[in-house]
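Spelled out, the chains give:
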Amino acid sequence: RSPLDVTTIRQDFPILAQQVNGKPLVYLDNGASAQKPAAVLDAMERYYREMHSNVHRGAHTLGDRATSAFEGARETVRNYLNAASTREIIWTRGTTEAINLVANGLTAQLGAGDEILISHMEHHANIVPWQMLAQRSGATLKVIAITPEGELDLDSFEQQLSERTKVLALTHVSNALGTINPVAELVARAKAAGAITLLDGAQAVPHFRPDVQALDCDFYAFSAHKLFGPTGIGVLYGREQRLEALPPYQFGGEMIERVTFEKSTWNALPYKFEAGTPAIAEAVGLGAAINYLNGLDRAAVEAAEHALISRAHELADSVPGMAIIGTARNKAAVMSFKIDGLHPSDIGTLLDQQGIAIRTGHHCAMPLMDFYGVPGTARASFAFYNTLDEVEQLFTALRKIQRLFV
Ligand code: PMP
């Protein structure tokens, strides 16, 4: 198809064609969760109608079909991330569970005197598991400072990185600010210092395709629901030797090799980390979402998103008292903002009355909100199916709200 024909693309997303509160839906809450193309809905329905059975129990044909759909999706994810092997692709419930899996597994590898380095712009999912690991192991949690524009302070990074740094855990793209961090450089520096590196890719994968081998990180986590796939499933990419060195996260069926009452041994990768019956239809749905994305011209997607966020930034001046929070040079299509005299949650409610969906609040990044001295922000986050006209509608509504309520 022609490079990013948004009118046609929107027809692939049935949910978008509806009225909300008497107005055409303008969905600008993609950072919280993105909508699903019909290809994903169809793949999941087809799976349940034609193939469903438990996986890896191959005594019958449906079991074989389910297993090949499920493992086929794993290969699709491997290819999307450019991982070396499907042994490195672990299904999880999402980014949160992926990070917990790693932080939990590192308990025995860390001790007093060791440091875990994160940043001031992390989502709670990339803070709290490390805080708990620090408490369990006696290690210290260190935080890379950020600049007022919402970029990582690279001097702060250099000052804090040392041979004591055992883990660097960073977000690839900030959910609250949109900042795209220079993670490949930081991973290289941390690796040279001997640290294990984890990237939180939850907000990166919907905007561009990461290459885990080029990034050279040890772990990369993301959630399907932000990548136009279903809820309930996500991925942990792990470098094979790092995964081998981690103990299992949960115990039970699937993840074992041999069980006796005295002792159990673990299955090979990736199954060692996949206890219990997995989210099979959801894996198939994620595979379908990636196949859908692979059918788009990704350079055109990035260009279109860039046009949306640039236009939004230009229009900020047209709303009296509006300020954008997060003005990094390199940012994804996310705009956090505040308007003098209006509480973020009121902005959200008033926009909803116009059919416009955004997110308001602390965005699971309370330390970041503290840094900016705000209780929360209003956040519009764009996807490739959004239009420039929707950006105009957002600002027309914001000007109206400002006029009537401030
Ligand atoms: N990290 C970031 C940067 C996120 O934006 C999110 C979701 N808001 C998460 C982690 C957690 O993802 P999930 O809730 O899907 O586990």
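Bear in mind that the values here come from a model prediction, so they are computed numbers and not experimental data. (Residues numbered from 1 in each chain as written. Predicted model: local features only at pLDDT ≥ 70, side-chain atom pairs only at ≥ 80, totals over all residues.)

Helix and strand counts for the protein chain stand at 14 helices and 17 strands. Its C-alpha atoms give the protein chain a radius of gyration of 22 Å, within 12% of the compact-globule value 22 Å for 406 residues. When the backbone C-alpha atoms are referred to their principal axes, the protein chain occupies close to 70 × 55 × 35 Å. The burial tally for the protein chain puts 48% of its 406 residues in the buried class. (Helix = DSSP H or I, 4+ residues; strand = E, 2+ residues; numbered from the N terminus. Rg over C-alpha atoms; globule rule 2.2 N^0.38 Å. Buried ≥ 20, exposed ≤ 12 C-beta atoms within 10 Å, placed from the backbone.)

The subject of this paragraph is the sheet that holds strand 5 (residues 115–119). Strand order in the open sheet made by the seven strands is 4-10-9-8-7-5-6, with mixed pairing throughout. Every interior strand has two partners, whereas the edge strands, strand 4 (89–92) and strand 6 (140–144), have only one. Taking each pair of neighbouring strands and ignoring which way they run, the sheet shows an average axis angle of 20 degrees. Both strand 5 and strand 7 (residues 165–171) contribute to a ladder of three bridges, which runs parallel. Its bridge partner lying in strand 7, Glu115 is registered against Thr165. Its contacts with the sheet put helix 7 (residues 183–192) on strand 7 and strand 8 (196–200), and the angle it makes with strand 7 is roughly 175 degrees. (Pairing = 2+ DSSP bridges. Axes fitted to C-alpha atoms, helices over the stretch in contact; angles between N-to-C directions. Contact = placed C-beta atoms within 7 Å.)

A word on the domain arrangement of the protein chain. When the parts come together, some accessible area is lost, and that loss is often what is quoted as the size of the interface. Per the domain assignment, the segments making up the protein chain are domain 1 (6–30 + 297–405) and domain 2 (41–294). Using only C-alpha atoms to locate each centre, domain 1 and domain 2 end up separated by 28 Å. Of the residues lining the interface, 24 residues belong to domain 1; the matching set on domain 2 comes to 23 residues. Of all the secondary-structure elements, those providing two or more residues to the side of domain 1 that touches domain 2 are helix 11 (298–315), strand 14 (334–339), helix 13 (366–372) and strand 17 (377–381). Of the residues that constitute the side of domain 1 that touches domain 2, the class distribution is twelve nonpolar, seven polar and five charged. (Domains from an automatic or database assignment. Nonpolar A, V, L, I, M, F, W, Y, C, P; charged D, E, K, R; others polar.)

Below, the discussion takes up the nonpolar core. By size, the foremost hydrophobic cluster in this structure holds 124 residues, and its most contacted members are Val284 and Ala289. The leading source of residues in this core is helix 10 (residues 280–294), at ten residues. Mapping this core onto the domain boundaries places at least three of its residues in each of domain 1 (6–30 + 297–405) and domain 2 (41–294). Each residue touching Val284, except ones within four places of it in the same chain, is listed here: Ala43, Met44, Tyr47, Ala69, Phe70 and Ala73. (Core = buried A, V, L, I, M, F, W, Y, C linked by C-beta atoms within 7 Å.)

Within this structure's numbering, the places UniProt gives as "domain: Aminotransferase class V" (unreviewed entry) are residues 26–394. Helix and strand shares over residues 26–394 are 38% and 18% respectively, and the end C-alpha atoms of the span are 8 Å apart. (UniProt positions renumbered as here; feature names shortened; annotations may be inferred.)

Looking down a regular strand, the side chains alternate between one sheet face and the other. Burial analysis of strand 7 places seven of its seven residues in the buried class, the great majority of the element. Inspection of the sheet shows strand 7 paired to strand 8 by five bridges, in the parallel sense. Within strand 8, the position partnered with Thr171 by the bridge is Asp200. Each parallel crossover has a hand, and for strand 7 linked through helix 7 to strand 8 it is right-handed. (Right-handed = clockwise from strand over helix to strand, strands pointing away.)

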